[in-house]
Amino acid sequence: MPSDIKTESTLFDRRTEFWRNYRIGRPAIPSSFYQRFYDYHATHGGSFGTVHDVGAGFGELSLELSKRFDHVIVSDPAPKSLDVARELIGAASSSFNKFSFRQERVEDCELPKASVDAIFCCNAIHWTDLDKAMAISTDQLKLHGTLFICLNGIPKYDSAVQPSWWSMVDNCLADVKKRMPKADVERILAIQDNGYDCIALPESDFEPGAVRLKLNMMGDPAASVQAPESSKGGPHVSNVGPHDRLEEGVEEDWFFDVDIEGLRATVGSYPFDPDPDMLERHLSKLDTILAGGTCRGHWPVSILMATRRT
Ligand SMILES: C[S@@+](CC[C@H](N)C(=O)[O-])C[C@H]1O[C@@H](n2cnc3c(N)ncnc32)[C@H](O)[C@@H]1O
């Protein structure tokens with residue numbers, strides 16, 4: 001991939017209302033998710049000093065991290081979103097001085113080398129210039145520090161709902177492609193392809209045996225994000241290393257029941273800004289399918305965990 005990509009960091013520059021809806025439309029992150037990270041970090045010799053939450057958005061995950069780490073760096077290039085994070089953390093945490101805030105792209109981050117115990121990056125790395133973001137994040141990690149990268153992707157629903165949901169997502173992405181250069185959209189989707197398989201975790205930087213965990217893929221390796229047809233990214237690139245540990249499973253924690261308002265919240269949590277008439281047409285069709293009830297959904301989740309070795 002090119003190394004001087006100008007990434008789009010304004011799509012998520014949103015105020016409280018957007019993030020309030022995001023909170024409803026995105027998964028209720030189970031405690032097992034954080035515990036997996038903490039367990040991995042502890043068993044690989046990591047310390048619970050400083051964690052850097054990269055692309056922290058509205059800061060909810062940063063808040064959770066502060067329960068285990070002494071210091072949380074909350075960084076995001078979007079100024080309005082960082083304001084929302086400051087406000088949320090200020091209201092919810094009794095120890096605001098545990099946090100520091102940085103308004104910047106991870107690619108431009110000038111934190112000293114070997115200065116953080118862990119990098120935590122959820123649903124954000126695909127928005128970056130991946131090569132630069134990975135190089136800078138790797139440099140920031142101390143010896144035995146953990147790189148934790150995760151993608152929740154887009155949820156899947158019961159078979160009665162799924163085709164109409166995909167159709168809505170595809171149409172929203174088609175609207176995005178009208179506003180953003182096609183190559184940028186395809187680059188972002190290609191990074192998400194197969195749950196971040198294109199992210200290399202080289203043994204020159206990380207201990208052999210980096211974990212690549214895929215949850216709730218239900219037999220579909222591409223389930224993490226890709227809708228059929230129009231949302232395809234570039235060609236599939238795998239940088240899975242020969243000693244990486246590939247794990248998979250199904251976790252009930254990520255399954256849920258949803259009604260039409262939940263579907264509305266989820267589609268509204270992506271920075272699609274679709275044509276309102278088109279969106280309402282699709283939601284009305286989904287409403288008819290749900291017939292005033294709910295359907296079952298689940299989040300496919302990809303998690304990468306690696307330990308800095310030098
Ligand atoms: C989907 S939100 C994820 C927020 C939060 N991490 C979560 O999982 O709830 C993606 C975030 O990545 C941020 N972002 C976009 N480009 C970025 C970049 N180049 N470096 C760091 N963060 C970036 C956006 O501003 C946005 O807040």
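So, here's what we can say about the structure. Remember, predicted model here, so these are calculated numbers, not experimental data.

### With respect to the overall build of the protein
Inference 1: Counting its secondary structure elements, the protein contains nine helices and 11 strands.
Inference 2: Scaling as 2.2 N^0.38, a compact globule of 310 residues should have a C-alpha radius of gyration of about 19 Å, and the protein matches this with 19 Å.
Inference 3: Taking the principal axes of its C-alpha atoms as reference, the protein extends roughly 55 × 45 × 40 Å.
Inference 4: Looking at the protein as a whole, 55% of its 310 residues qualify as buried.

### Quick look at the site of the ligand
Inference 1: Among the 19 residues in the neighbourhood of the ligand, the closest are listed as Gly55, Asp76, Val106, Glu107 and Cys122.
Inference 2: One of the backbone N or O atoms of Gly55 is found 2.8 Å from a nitrogen atom in the ligand.
Inference 3: Between the ligand and Cys122, the relevant distance is 2.9 Å, taken from a nitrogen atom to a main-chain nitrogen or oxygen of the residue.
Inference 4: Surface burial for the ligand is 98%, taken as the share of its 600 Å² of free accessible area covered by protein chains.
Inference 5: In the shell around the ligand, the residues fall into 11 nonpolar, five polar and three charged.

### Let's talk about the packing of helix α1 (residues 16-25) against helix α8 (residues 260-268)
Inference 1: Packing of α1 against α8 brings their axes to within 8 Å, and their N-to-C directions diverge by 120 degrees. By the angle class used here, α1 and α8 are oblique. The element α1 and its partner α8 pack so that their crossing is left-handed. Mapping the contact onto sequence places Phe18, Asn21, Ile24 and Gly25 in α1 and Ala265, Thr266 and Gly268 in α8.
Inference 2: Considered class by class, the residues forming the contact of α1 with α8 number three nonpolar, four polar and no charged.

### A word on helix α4 (residues 79-92)
Since one α-helical turn is 3.6 residues long, residues separated by three or four positions face the same way.
Inference 1: Taking 1.5 Å per residue as the helical rise, α4 with its 14 residues ought to reach 20 Å, and the 20 Å between its terminal C-alpha atoms agrees with that figure.
Inference 2: Of the residues making up α4, those classed as buried are Ser81, Leu82, Val84, Ala85 and Ile89. End-on view of α4: buried residues confined to an arc of 155 degrees, all on one side of the axis. Away from its buried face, by an angle of more than 90 degrees, α4 presents the exposed residues Glu87 and Ala91.
Inference 3: At its buried positions, α4 is contacted by α1, α3 (60-65), β2 (71-75) and β3 (99-102).

### Quick look at the sheet that holds strand β10 (residues 295-298)
Strands pair in a sheet through their backbones, by hydrogen bonds, and they do so in one of two ways: parallel or antiparallel.
Inference 1: Strand order in the open sheet formed by three strands is β6-β10-β9, with antiparallel pairing between adjacent strands. Taken across any chain shown, the strands that pair with only one partner, and hence form the sheet edges, are β6 (156-157) and β9 (255-258).
Inference 2: Bridge count between β9 and β10: four bridges; the pairing is antiparallel. The partner of Phe256 across the bridge, within β10, is Gly297.

### What about the pairing of strand β11 (residues 301-307)?
Inference 1: When you tally the buried positions in β11, you get seven out of seven residues, the bulk of the element.
Inference 2: On β11, burial covers both faces: Val301, Ile303, Met305 and Thr307 on one face and Ser302, Leu304 and Ala306 on the other are all buried.

### Focus: the packing of aromatic side chains
Inference 1: All chains considered together, the criterion is met by 25 aromatic pairs.
Inference 2: Aromatic side chains Tyr38 and Phe48 sit 6.2 Å apart centroid to centroid with 70 degrees between the ring planes, which places their arrangement in the edge-to-face category. With Tyr38 in helix α2 (residues 31-43) and Phe48 in the loop between α2 and β1 (50-54), the pair connects residues that are 10 residues apart, well separated along the chain.
Inference 3: Among the residues examined, Tyr38 registers a relative accessible area of 6% and is labelled buried.
Inference 4: Look at Phe48 and you get buried, because its relative accessible area is 18%.
Inference 5: When the ring of Tyr157 is compared with that of Phe256, the centres are 6.1 Å apart and the planes differ by 90 degrees; the resulting orientation is edge-to-face. Remark: Phe256 occurs in strand β9 and Tyr157 occurs in strand β6; sequence separation between them is 99 residues.
Inference 6: On the accessibility criterion, Tyr157 (8% relative accessible area) is buried.
Inference 7: By the ring-pair criterion, three or more aromatic residues cluster together here, those being Phe33, Tyr34, Phe37, Tyr38, Phe48, Phe69, Phe120, Phe148 and Trp254.
Inference 8: Against the face of Tyr38 rests Arg68, its NZ or CZ located 5.1 Å from the ring centre.
Inference 9: Over the ring of Phe48 we find Arg68, and its NZ or CZ is 4.5 Å from the ring centre.

Conventions we followed
Residues numbered from 1 in each chain as written. Predicted model: local features only at pLDDT ≥ 70, side-chain atom pairs only at ≥ 80, totals over all residues. Heavy atoms only, no water. Helix = DSSP H or I, 4+ residues; strand = E, 2+ residues; numbered from the N terminus. Rg over C-alpha atoms; globule rule 2.2 N^0.38 Å. Buried < 20%, exposed > 50% of the residue type's maximum accessible area, 1.4 Å probe, protein only. Near = heavy atom within 4 Å. Polar contact = N/O pair within 3.5 Å; in protein donor to acceptor, adjacent residues only side chain to side chain. Areas by Shrake-Rupley, 256 points an atom, 1.4 Å probe, with all protein chains shown as cover. Nonpolar A, V, L, I, M, F, W, Y, C, P; charged D, E, K, R; others polar. Axes fitted to C-alpha atoms, helices over the stretch in contact; angles between N-to-C directions. Parallel < 35°, antiparallel > 145°, perpendicular 65-115°, else oblique. Left-handed = near helix turned anticlockwise from the far one by under 90°. Contact = heavy atoms within 4.5 Å. Expected span 1.5 Å × (residues − 1). Arc of directions from axis to C-beta. Pairing = 2+ DSSP bridges. Phe/Tyr/Trp six-rings, centres within 6.5 Å; stacked < 30°, edge-to-face > 60°. Lys NZ or Arg CZ within 6 Å of the ring centre and 35° of its normal.

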